[in-house]
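# Residue-level structure breakdown
If you want the building blocks of each chain, they are given just below.
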Amino acid sequence: MTSISLKPGRASLTEWRAVLDGAATALSDDSARSIEAGQAIVEDIVAAGAVTYGVNTGFGKLASVRIADADLATLQRNLILSHAVGTGPALPDSVVRLILAMKAASLARGASGVRPQVIAALAGALKADALPVVPAKGSVGASGDLAPLAHLTAALMGYSEIRLKGETLPAAEALQRIGQTPLTLGAKEGLALINGTQVSASLALAALVDLARVFDAALVAGALSVDALKGSDTPFDPRIQALRGQPGQIRVAKILLDLIAGSAIRESHRHGDTKVQDPYSLRCQPQVMGAVADLFANAAATLSIEANAVTDNPLVLGPGEIVSGGNFHAEPVAFAADMLAMGICEVGNLSERRMALLVDPVMSGLPPFLARDAGLNSGFMIAQVTAAALASENKQKAYPASVDTIPTSANQEDHVSMATHGAFRLLDMAKNAASIIGVELMAAAEAIEHHRPLKTSARLEPVLALLRGRIAPLTEDRYLAPDLAAATELVLSGAVGRAAGLDCFAEFGA
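### Structural notes on the packing of helix α9 (residues 198-228) against helix α15 (residues 331-359)
Remark: α9 packs on α15, axes separated minimally by 10 Å, with the N-to-C direction vectors making an angle of 20 degrees. Classed by the angle they form, the pair α9 and α15 counts as roughly parallel. As for how α9 packs across α15, the hand of that crossing is left-handed. Contacts between α9 and α15 involve S200, A201, A204, L208, L211, V214, F215, A218, A221, G222, S225 and A228 on the former and, on the latter, V333, L340, I344, V347, R354 and L358. In terms of residue class, the contact of α9 with α15 is built from 14 nonpolar, three polar and one charged.

### What to know about the pattern of salt bridges
Counted by the stated rule, this structure contains 25 salt bridges. The partner of E446 in a salt bridge is R468, and the shortest N-O contact between them spans 3.5 Å. Of this pair, E446 sits in helix α18 (residues 419-449) while R468 sits in helix α19 (residues 461-468), and the two are 22 residues apart along the sequence. Relative accessible area serves as the criterion here: at 24%, R468 is assigned to the partly exposed category.

### Digging into the pairing of strand β2 (residues 24-27)
On β2, burial follows the alternation: T25 and L27 on one face are buried, whereas A24 and A26 on the facing-out side are not. Sheet analysis places strand β1 (residues 3-6) next to β2, joined by four bridges and oriented parallel. Along β2, the bridge assignment pairs L6 with L27. The handedness of the β1 to β2 crossover, carried by helix α1 (residues 13-20), is right-handed.

### Examining empty space enclosed by the protein
Counted by the stated rule, this structure contains two cavities of 30 Å³ or more. If you add up the space inside the largest cavity, you get close to 40 Å³. Forming the boundary of the largest cavity are F380, M442, E446, R468, I471, A472, L474, R478, L480 and D483. Counted by class, the lining of the largest cavity contains six nonpolar, no polar and four charged residues. When its volume is computed, the second largest cavity comes out at roughly 30 Å³. Forming the boundary of the second largest cavity are F215, R251, V252, I255, A293, C504 and E507. With three residues, the single largest contributor to the lining of the second largest cavity is helix α11 (residues 247-260). When the residues that make up the lining of the second largest cavity are grouped by side-chain class, the tally is five nonpolar, no polar and two charged.

### What to know about the nonpolar core
Formed by 168 residues in total, the largest nonpolar core has its most connected members in W16, L91, F215 and I437. Of the residues forming this core, the biggest block, 22 residues, is contributed by α9. Here L91 is in contact with V96, I99, V134, P135, A136, V199, L203 and F424, once residues within four sequence places are set aside. Core analysis: the second largest hydrophobic core is formed by five residues, A142, F328, V416 and M418 among them.

### Observations concerning the sheet that holds strand β4 (residues 130-132)
If you trace the three strands from one edge of the open sheet to the other, you get β4-β6-β7, paired in antiparallel fashion. The open sheet has two free edges, formed respectively by β4 and β7 (167-170), since each of these has just one partner strand. Taken pair by pair, the neighbouring strands of this sheet meet at an average axis angle of 35 degrees, ignoring direction. One ladder, built from three bridges, connects β4 with strand β6 (residues 161-164); its direction is antiparallel. Bridge pairing links A130 to L164 in β6.

### Let's talk about the environment of D294
Here D294 lies in helix α14 (residues 285-307). Residues D294 and Q246, spaced 48 residues apart in sequence, show a C-alpha to C-alpha distance of 8.5 Å. Residue contacts for D294: discarding those within four places in its chain leaves Q246, P247, G248 and R251. Polar contacts involving the side chain of D294 include one to the main-chain amide nitrogen of G248, which spans 3.0 Å.

### Structural notes on the side chain of H269
Looking at where H269 falls in the secondary structure, it is placed in helix α12 (residues 264-269). Look at H269 and you get buried, because its relative accessible area is 6%. Leave out the neighbours within four places in its chain, and H269 touches K230 and G231.

### Here's the deal with unusual backbone geometry
Residue P314 follows N313 across a cis peptide bond; omega there is 0 degrees. Looking at the element boundaries, P314 is found in the loop between α14 and β8 (315-318). Going from R452 to P453, the amide bond is cis rather than trans, its omega being 15 degrees. Positionally, P453 belongs in the loop between α18 and α19.

### Focus: the packing of aromatic side chains
Under the counting rule described, the total for this entry stands at two aromatic pairs. For the pair Y53 and F59, a centre-to-centre distance of 6.4 Å together with 80 degrees between the ring planes defines the contact as edge-to-face. Aromatic side chains F215 and F296 sit 6.0 Å apart centroid to centroid with 55 degrees between the ring planes, which places their arrangement in the tilted category. Placement of F215 in helix α9 and of F296 in helix α14 is noted, with a sequence separation of 81 residues between them. Grouping residues by exposure puts F215 and F296 together as buried.

### Digging into the state of the cysteines
Evaluation of the coordinates by the stated rule reveals zero disulfides. Cysteine C284 shares no disulfide, and the gap to the nearest cysteine sulfur, in C345, comes to 17 Å. Not engaged in a disulfide, the cysteine C504 finds its nearest cysteine sulfur in C284; these two sulfurs lie 19 Å apart.

### Section: helix α20 (residues 481-492)
In this model α20 runs 17 Å from its N-terminal to its C-terminal C-alpha over twelve residues, within 8% of the 16 Å that 1.5 Å per residue would give. The complete set of buried residues in α20 reads D483, L484, A486, A487, T488, L490 and V491.

Conventions we followed
- Residues numbered from 1 in each chain as written.
- Predicted model: local features only at pLDDT ≥ 70, side-chain atom pairs only at ≥ 80, totals over all residues.
- Heavy atoms only, no water.
- Axes fitted to C-alpha atoms, helices over the stretch in contact; angles between N-to-C directions.
- Helix = DSSP H or I, 4+ residues; strand = E, 2+ residues; numbered from the N terminus.
- Parallel < 35°, antiparallel > 145°, perpendicular 65-115°, else oblique.
- Left-handed = near helix turned anticlockwise from the far one by under 90°.
- Contact = heavy atoms within 4.5 Å.
- Nonpolar A, V, L, I, M, F, W, Y, C, P; charged D, E, K, R; others polar.
- Salt bridge = Lys/Arg side-chain N within 4 Å of Asp/Glu carboxyl O.
- Buried < 20%, exposed > 50% of the residue type's maximum accessible area, 1.4 Å probe, protein only.
- Pairing = 2+ DSSP bridges.
- Right-handed = clockwise from strand over helix to strand, strands pointing away.
- 1 Å grid on protein atoms, 1.4 Å probe; cavity = no way out; pocket = protein on both sides within 12 Å on 5 of 7 lines; lining within 4 Å.
- Points joined across faces, edges and corners; volume = space filled by probe spheres on them.
- Core = buried A, V, L, I, M, F, W, Y, C linked by side-chain atoms within 4.5 Å.
- Polar contact = N/O pair within 3.5 Å; in protein donor to acceptor, adjacent residues only side chain to side chain.
- Phe/Tyr/Trp six-rings, centres within 6.5 Å; stacked < 30°, edge-to-face > 60°.
- Disulfide = S-S within 2.5 Å.
- Expected span 1.5 Å × (residues − 1).

Below you can see the structure in the form of structure tokens.
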């Protein structure tokens, strides 16, 4: 198993991806002094009796209520239990793993004023793969991801449930099995644990990892479709891209040229083309996919910063200074999630249009729906309909979440980001897009069969071998659902991109 050591405030996207993928994760040892300094400041304020929000007051609209020192532990306990009101499906284990690591790293920067025991509880659960069951819905993305983080914290306190190595158990039992004492909260610690953007940021980052793999596969599918349709690689000429100057367009055109280079199919019609121009879904791939790449890179830069940020409130800034601000507002994550949604929507739109070309005999010059003995067999007729349905579903999901807001907490929290569900929808959008690309890959591979014995390029033949290892040629109609499931899994796992030598996650600022 891969092992990584996260440096609070300085972890890379590649390291966060490793956490998602299950790497053994620990925090570096160089943050102990900052943690102790922040804790000491909170203790001094409690001892002095100074009225300080989040330490000895109520929360939100109740911030003006002074809490007696004897009730401070009860205050934090009540905060967690009252805020654990999420609903909906549980977040994926990989996302919860990332939330634990991200929250621990944020608190370890020392600006939240928590004791080392709090960070140790998060790190201990992460190390043991004891993952709190966290409902996906109930956060509006300000003040932080209150409900889901309350569920996370409640589990570490012995309430609710924990998934331990894949088994769902009562939280108290799971903690006992791993030898971890249920967490008892001190002054300010409950607020520090639930006030932050770690859930929305983790969801968006998990989606980015999936979307990068889908993006890789879409480039491969696009190149394969160009070859299968005997399209031209001339529109990918670097001189065309240089005249526009968009960096993503330049990179994508080079990737497409490299993927197709050396194809015997391409050479077979290079000097005998009768078509003047290919349809946009083939010809304009650098312009569309390049714009998506730039959009993804921008979102990745935002998420890289947010993953390392301190986003709870109030913050410990120095001796005697605990200051209220608004870092819990997840607007940057909401915008990043919306950019990712728009980008993956376009990736699917473009792929579905190429799929439509592949099954149209007028446009492709191939048998209708790529069927052998068409009429008796329907071939990929309804596979294209599935791709169309998924593309339209993603269009509906792509409506920006960040433009919505609704006042909460008796109008104290009167503008919110909606980042959490904006990021959560991306997981479904990625799966939809992966299936769209999967349909195209199946059809493009079938189209290549009609050009045999000619081969495609050295970069694309391994992709065909990968597909054929799971999906046989369509010699007659058969039950296609397992084939589509296999193709989707190959896309989402990153296997398609790896087979062609691609890992565009690095291009997104990893």
